[in-house]
Amino acid sequence: MDFEEVEIPANILREAAEASSQLLPAKSKERYEKEYEEFRKWCVEENVIKVVDDVLLVYLSKKGKSMKPSTLWSRFSMIKSCLAIKENVDASKFCKTIAFLKRQTVGYIPKKSKVLTREQVTQFLNEAADVKWLLTKVILVFGIFGACRRDDLIRLTIDDVEDNGRFLVVFLRDGKTHRSRSFTITEEGCSFQPCKLVRKYVALRPKDIASQKFFIAYRNGKCYKQNVGCHTISGTTRQIAEYLNLKNLTEYTGHGLRRSSASMLVEGGADLLTLKRHGGWRSSAVAEGLFNRPNECSTSRDSDVRTISEIVEIGTTSRIPQESSQAYITSAMPILSATENNFSIGQKDKTQGLNISNNQNCTINVHFYGNA
């Protein structure tokens, strides 16, 4: 019996269609549908009946004349998903198209958001007046300590922040990768007192506010019953850069908080595994692409040079509260620790030299950067 000739009941086909409609990402479903419709419209204009490798290759090659390689990959991914769901076509096996996309990325350097250095973060948090900048300060604290995405901060509710007295624990639920994670904000060794800033902001929250969103509007020392939107959070790094009189303000985007956090962690000496756990990254390539290289800094390279006199101690977690399971940052900013890794990096010490002790079965990477 030829199974392809067997008729499928109408109710099964209907239920399958309903289930298939849920396979696209809910947040960007409209973008997927729009890109697929644009592709099908082109196919009609070109009298294309069946989608094969050569067809998609020609379509993307024409698009590539006015698009960046990263955008082409994104378009291909959306079309590939829609073809698999709607037409049962597996575009992942289109070797020519994939080879073309890979060739387009050769030599391409993606444009990334500029980052804030630990000195700039500390300067802003210490100098900016709370009456005007309190909301910006709190957003910066959450973004740096937790490597938060914009959407993480938008979805954050008042119940997601727990005050344990000595430190704050923040829970990020159902993020971009559909994985929950948490991080800790502590004042130990911090000159700008991040917990105090957060508590001050929460105390100004109106008592009768119905919204459970953590971030609400703040102006002239008072909070209002209005949720903070995506544009306010995205503009945080640019506002800070403007306050600090930095150059190229337009290059400080909403992704700058996450990149700044990753850069500070790596600058402190953390390895790739610690970085991935800190920001919830699954891909090593994505995590490596987020932290700032020495020659990408918005200031001179001298500000990012770490000397041998900065003591590195591995093998102790005495600085970390027992309740903490994530990294934390202090004003000296290389203190970023993770109890899971039994890993810590100390502040600058007056003692000269390098001290590595109490280690068993571990790998230690030491990086030196200079002007040479």
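Preceding block: the structure.
All residue numbers refer to position in the chain's written sequence, counted from 1. Totals for whole chains, interfaces and linings use all residues, but because this is a predicted model, local features are given only for residues with pLDDT of at least 70 and pairs of side-chain atoms are given and counted only at 80 or more. To get the side-chain values, take all heavy atoms of the structure and skip hydrogens and water.

Draft legend 1. Spotlight on the nonpolar core. Definition of nonpolar core: a set of buried residues of the types Ala, Val, Leu, Ile, Met, Phe, Trp, Tyr and Cys, connected through side-chain atoms within 4.5 Å. Burial status follows relative accessibility: with a 1.4 Å probe on protein chains alone, a residue under 20% of its type maximum counts as buried, one over 50% as exposed, and anything between as partly exposed. Membership of the largest hydrophobic core comes to 45 residues, with the highest contact counts inside it found for L140, F142, I185, Y201, F214 and F215. Sorting the residues of this core by element identifies α6 (118-127), α7 (130-146), β2 (167-172), β3 (181-186), α9 (194-203), β4 (216-219), α11 (236-243) and α12 (256-267) as the ones contributing at least two each. Think of it this way: any DSSP run of H or I at least four residues long counts as a helix, any run of E at least two long counts as a strand, and we number them from the N terminus. Per-element tally for this core: the top contributor is α7, with ten residues. In this structure, F39, V48, Y59 and L72 belong to the second largest nonpolar core, which totals 25 residues.

Draft legend 2. Representation of the sheet that holds β3. We treat two strands as partners when DSSP finds at least two bridges between them. Here we have three strands laid out as an open sheet, ordered β1-β2-β3, and antiparallel in their pairing. Lying at the two open borders of the sheet, with one neighbouring strand each, are β1 (161-163) and β3. Pairs of neighbouring strands in the sheet enclose a mean axial angle of 20 degrees, with direction left out of account. As judged from the six bridges shared by β2 and β3, these two strands associate in the antiparallel manner. Bridging from a neighbouring strand, L168 pairs with I185 of β3. In this analysis, two residues are considered to be in contact whenever any of their non-hydrogen atoms come within 4.5 Å of each other. Each axis is a line fitted through C-alpha atoms, and for a helix only the stretch in contact is used; angles between axes span 0 to 180 degrees, taken between their N-to-C directions. Together, β1, β2 and β3 form the strand contacts of α7, whose direction differs from that of β3 by roughly 120 degrees. α9 contacts β1, β2 and β3 of the sheet and is inclined by roughly 70 degrees relative to β2.

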